[in-house]
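Inside the fold
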Amino acid sequence: MSRGYNVNPVTLGDYLKQYRLANGYTTFELSLELDVYQTTIYKWENNESNPKGKNLNKIIELMGYDPRIHKPLNTKYYELN
């Protein structure tokens, strides 16, 4: 695994970085793909800011899911039938 790869992402930035590393993108390449500055990718991944509006839609389209709701279901207290 790449340096900085988060196996348990929590924030949108964590999911974005996980996606980028898993798919072999550099921050520069991802910035070109999403049509934003490379520093913007850095800020998102380090949770200094969050993508909004059209940028959030571009991320969802690129990743194929909405990372804001793509969280594992905690079944610890559920009764499974």
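First things first, this report covers the structure right here in the doc. Because the structure is a prediction, the values reported are computed rather than measured. (Residues numbered from 1 in each chain as written. Predicted model: local features only at pLDDT ≥ 70, side-chain atom pairs only at ≥ 80, totals over all residues. Heavy atoms only, no water.)

Restricting attention to buried positions, one finds in helix H2 (residues 27-34) the residues Thr-27, Leu-30, Ser-31 and Leu-34. Along the axis of H2, the buried residues cluster in a sector spanning 105°; they form a single face. Of the surrounding secondary structure, the elements contacted by the buried residues of H2 are helix H1 (12-22), helix H3 (38-45) and helix H4 (53-63). With its phi angle positive at about 60°, Asp-35 sits one or two positions after the end of H2. (Buried < 20%, exposed > 50% of the residue type's maximum accessible area, 1.4 Å probe, protein only. Helix = DSSP H or I, 4+ residues; strand = E, 2+ residues; numbered from the N terminus. Arc of directions from axis to C-beta. Contact = heavy atoms within 4.5 Å.)

Let's shift gears to the packing of aromatic side chains. Taken as a whole, this structure holds 2 aromatic pairs when the rule is applied. Here Tyr-15 and Tyr-65 contribute two aromatic rings whose centre-to-centre distance is 6.4 Å and whose plane-to-plane angle is 80°, an arrangement assigned as edge-to-face. Pair noted here: Tyr-15 is in helix H1 and Tyr-65 is in the segment after H4, with a separation of 50 residues, a long-range link. Its relative accessible area of 3% is what places Tyr-15 among the buried residues. In this structure Tyr-65 comes out as partly exposed when scored by relative accessible area, which is 23%. Seen from their ring centres, Tyr-19 and Tyr-25 are 6.3 Å apart, and the 25° between their planes marks the pair as stacked. Of the residues examined, Tyr-19 reaches a relative accessible area of 15% and is grouped as buried. (Phe/Tyr/Trp six-rings, centres within 6.5 Å; stacked < 30°, edge-to-face > 60°.)

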